[in-house]
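So the chains spell out like this:
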Amino acid sequence: MAGRRILSVSANTRLLVTRNETLSLAGYNVVSPHKPEDTPELLARSHFDAVVIGHSLPPEIRAKIIRAARKIAPTVLVIFVYVEPASGEEPLADFSVEVSDPVNLIRALEAPPK
């Protein structure tokens with residue numbers, strides 16, 4: 001999936017910048033909204049191959065964004081990323097990925113859809 005467009009969303013700027021740099025170095029074209037709530041608008045305006053949503057977003061905002069993504073872009077891959085096991089999985093996402101090793105995210109992006 002290298003070279004494809006990724007919409008990367010987080011409430012934690014430090015984590016977002018690190019994730020986006022990692023994805024860019026792996027060959028992805030990464031875009032992030034100014035605010036997580038702007039995600040649906042970006043999805044409506046541009047094509048993205050995947051949406052990566054960080055654990056720093058509160059569960060209710062994550063759910064709202066994922067539901068909007070499914071409505072606007074039904075085929076987009078949704079990946080929830082977390083560092084601490086306490087963050088758990090996101091049942092609305094296609095994949096929930098522990099990213100203390102960034103390679104895990106790259107593997108999820110390259111995996112075939114469910």
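You'll find the structure just up there.
All figures in this text were calculated on a predicted structure; none of them were measured in a lab.

Thresholds applied
Residues numbered from 1 in each chain as written. Predicted model: local features only at pLDDT ≥ 70, side-chain atom pairs only at ≥ 80, totals over all residues. Heavy atoms only, no water. Pairing = 2+ DSSP bridges. Helix = DSSP H or I, 4+ residues; strand = E, 2+ residues; numbered from the N terminus. Axes fitted to C-alpha atoms, helices over the stretch in contact; angles between N-to-C directions. Polar contact = N/O pair within 3.5 Å; in protein donor to acceptor, adjacent residues only side chain to side chain. Phe/Tyr/Trp six-rings, centres within 6.5 Å; stacked < 30°, edge-to-face > 60°. Buried < 20%, exposed > 50% of the residue type's maximum accessible area, 1.4 Å probe, protein only. Lys NZ or Arg CZ within 6 Å of the ring centre and 35° of its normal. Core = buried A, V, L, I, M, F, W, Y, C linked by side-chain atoms within 4.5 Å. Contact = heavy atoms within 4.5 Å. Arc of directions from axis to C-beta. Right-handed = clockwise from strand over helix to strand, strands pointing away.

A.B. asks: Can you tell me about the sheet that holds strand E1 (residues 5-9), naming the residues and giving the values?
C.D. replies: Sheets are built from strands that pair by backbone hydrogen bonding, the pairs being arranged parallel or antiparallel. Strand order in this open sheet of five strands is E2-E1-E3-E4-E5, and the pairing throughout is parallel. Single-partner strands in this sheet number two, and they are strand E2 (29-31) and strand E5 (95-98). Strand-to-strand twist of the sheet, defined as the mean angle between neighbouring strand axes without regard to direction, takes the value 25°. Here strand E4 (residues 77-82) runs beside E5; their pairing, made up of four bridges, is parallel. Following the sheet pairing, isoleucine 79 is matched in E5 by phenylalanine 95.

A.B. asks: Could you give me a rundown of the side chain of arginine 62, with the residues and numbers involved?
C.D. replies: Structurally, arginine 62 is set in helix H3 (residues 59-72). Side chain to side chain, arginine 62 and glutamate 90 meet in a polar contact 3.0 Å long.

A.B. asks: Residue-level account of the packing of aromatic side chains, with values.
C.D. replies: Summed over all chains, the structure comprises one aromatic pair. Both rings, one in phenylalanine 80 and one in tyrosine 82, keep their centres 6.0 Å apart while their planes meet at 25°; by these two values the pair is stacked. Judged by its relative accessible area of 1%, phenylalanine 80 is buried. On the accessibility criterion, tyrosine 82 (12% relative accessible area) is buried. Over the ring of phenylalanine 48 we find arginine 5, and its NZ or CZ is 4.5 Å from the ring centre.

A.B. asks: Describe the nonpolar core, and please don't skip the residues or the numbers.
C.D. replies: If you look at the biggest cluster of nonpolar residues, it comprises 17 residues, and the most contacted ones within it are Leu7, Val9, Leu43, Val51, Ile53, Val76 and Val78. When contributions to this core are tallied by element, the ones reaching two or more residues are E1, helix H2 (39-45), strand E3 (50-54), H3 and E4. The contacts of valine 76, once residues within four sequence positions are left out, are Phe48, Asp49, Ala50, Val51, Ala69, Arg70 and Asp94. Counting residues in each nonpolar core, the second largest holds 15 residues, with Tyr28, Leu105, Ile106 and Ala108 among its members.

A.B. asks: Give a description of helix H4 (residues 103-110) that names residues and reports values.
C.D. replies: Taken residue by residue, H4 has Leu105, Ile106, Ala108 and Leu109 as its buried positions. The arc that holds every buried residue of H4, seen down its axis, measures 160°, which confines them to one face. Of the surrounding secondary structure, the elements contacted by the buried residues of H4 are E1, helix H1 (13-25), E3, E4 and E5.

A.B. asks: I'd like to hear about the pairing of E4, residue by residue, with values.
C.D. replies: A large share of E4 lies buried, amounting to six of its six residues. Covered by surrounding structure in E4 are Leu77, Ile79 and Val81 together with Val78, Phe80 and Tyr82, the residues of both alternating faces. The handedness of the E3 to E4 crossover, carried by H3, is right-handed.

A.B. asks: Could you give me a rundown of the pairing of E1, with the residues and numbers involved?
C.D. replies: Most of E1 sits inside the fold, with four of its five residues counted as buried. Relative to E2, E1 is paired through three bridges, and the arrangement is parallel. Paired with arginine 5 across the two strands is asparagine 29, which belongs to E2. Note that the unit made of E1, H1 and E2 has a crossover that is right-handed.

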